[in-house]
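Letter by letter, the chains look like this.
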Amino acid sequence: MALDVVKAYSERMSVQRSVLDAALEIIAADGPDAVSMREVARRAGVSHQAPYHHFTDRAGIFAAISAEGFLKLAAEVRTVAAHAPNPARSCFEAYLRVAMTNPGHFRVMFRGDLCGLTTHAEVKAAADQSFNELLRMVGRTIGRPVDEAAALTWATLMWSTAHGFATLLIDFPLARRLPPGLSLEQHIDDVVELMGEMAARQAASMGVAPIA
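Residues numbered from 1 in each chain as written. Predicted model: local features only at pLDDT ≥ 70, side-chain atom pairs only at ≥ 80, totals over all residues. Heavy atoms only, no water.

Visitor: Looking at this model, I keep getting lost on the nonpolar core. Mind explaining?
Guide: In terms of nonpolar packing, the biggest core is built from 39 residues, with F92, L96, V138, W154, M158, F165 and V192 touching the most fellow members. Broken down by secondary-structure element, the contributors of at least two residues to this core are α4 (58–81), α5 (87–101), α6 (103–109), α7 (121–142), α8 (148–171) and α9 (184–205). For this core, the element with the most residues is α8, which contributes nine residues. In this view, V192 contacts R89, F92, E93, L96 and F165; residues no more than four positions away in its chain are not counted. Counting residues in hydrophobic clusters, the runner-up holds 18 residues, among them M37, V40, I61 and A64. (Core = buried A, V, L, I, M, F, W, Y, C linked by side-chain atoms within 4.5 Å. Buried < 20%, exposed > 50% of the residue type's maximum accessible area, 1.4 Å probe, protein only. Helix = DSSP H or I, 4+ residues; strand = E, 2+ residues; numbered from the N terminus. Contact = heavy atoms within 4.5 Å.)

Laid out in C-alpha cells, this is it:
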C-alpha cells in the first residue's frame, strides 16, 4: 500500500513537472501569451485534461512558474552571498545568471497580470524570500549601520539595474549593437564590473563599508 502511494505521488509530480517544463518552453520561445492549456498538454505528452487536474488553469501554471523562479533567485543570491568579495557585483551576476538561464521563469515572474503575486500565497512567500535575500546582500554592500529606508533604496536601485540589463539581454538583440571583436560575454562582464564598482564607490562616499 505504501509503495502504491509513493508511486502515485511520483507519477503526479512527474506530470506536473512535464506540464511546467512544456509551458516554460513555450514562454522562452514565444512569450507567456502563447501559452494555452491544450498546447501545454500536447508538448508535455499528457492528456488534454491533465494540466487542469494539476493547475486548474493558466493562472495556476503561471503562479507555479513564478514561485519556482523566485525561489531559484533567492537560492542563487544566498549562495553567492556566502563567498562574495564584491557583494554588489556578485548580486548582479547572480541576478543575470538566473534570468539568462531561466528566461521562461523571468518573463512571468515580473508580469503583474500573470505572476499570481496577489492571488497565490506561495508566490508571495517565494517573492518575499527572494527580496529578503536581496536586502541581506545590500547589508553586505553598504554595511549594517544604515536605516531601513536607505537599505530599501539601495535594494530597489540594485534590483532595477540588474533587472533592466537582464531584460535587454533576454528581450532585446543587444548583441547586434556590439562593435566587431567585442563578444557578448565580455560586454556582460564589463557592464557587471562597472555596476559593482559604482555601487562600491557610492557606499564608500556615504561613509559605510561592506561587511566582510
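So much for the structure itself; the text now carries on.
Visitor: Would you take a moment to explain helix α2 (residues 37–44) for this structure?
Guide: For the α-helix, the turn length of 3.6 residues means that residues three or four positions removed from each other point alike. If you check which residues of α2 are buried, you get M37, V40, A41 and A44. With its buried residues spanning 100° around the axis, α2 presents them on a single face. Across α2 from its buried face, at more than 90 degrees, point the exposed residues R38 and R42. Following α2 by one or two positions, G45 has its phi on the positive side, about 75°. (Arc of directions from axis to C-beta.)

Visitor: I would appreciate a short explanation of the environment of R38 in the present structure.
Guide: Along the chain, the position of R38 falls in helix α2. According to the relative accessible area criterion, R38 is exposed, its value standing at 55%. For the pair R38 and Y52, spaced 14 residues apart in sequence, the C-alpha separation works out to 9.8 Å. In terms of polar contacts, R38 uses its side chain to reach the side chain of H48, at 3.0 Å. (Polar contact = N/O pair within 3.5 Å; in protein donor to acceptor, adjacent residues only side chain to side chain.)

Visitor: Would you take a moment to explain the packing of α8 against α9 for this structure?
Guide: The description of two packed helices rests on the angle between their axes and on the distance between the axes. For the pair α8 and α9, the least separation of the axes is 12 Å and the interaxial angle reads 170°. With respect to α9, the axis of α8 lies roughly antiparallel. Residue-level contacts link W154, T161, F165 and L169 of α8 to L184, I188, V191, V192, M195, A199, Q202 and A203 of α9. (Axes fitted to C-alpha atoms, helices over the stretch in contact; angles between N-to-C directions. Parallel < 35°, antiparallel > 145°, perpendicular 65-115°, else oblique.)

Visitor: For this particular structure, what's the right way to read the packing of aromatic side chains?
Guide: The way to describe two aromatic rings as a pair is by their centre distance and the angle between their planes. For the structure on display, the rule yields six aromatic pairs. Each ring, one from F70 and one from F110, has its centre 5.6 Å from the other, and the planes form 80°; the classification is edge-to-face. Residue F70 is located in helix α4, and its partner F110 is located in the loop between α6 and α7; the two are separated by 40 residues in the primary sequence. The rings of F70, Y95, F106, F110, F131 and W159 are connected pair by pair, giving a single aromatic cluster. (Phe/Tyr/Trp six-rings, centres within 6.5 Å; stacked < 30°, edge-to-face > 60°.)

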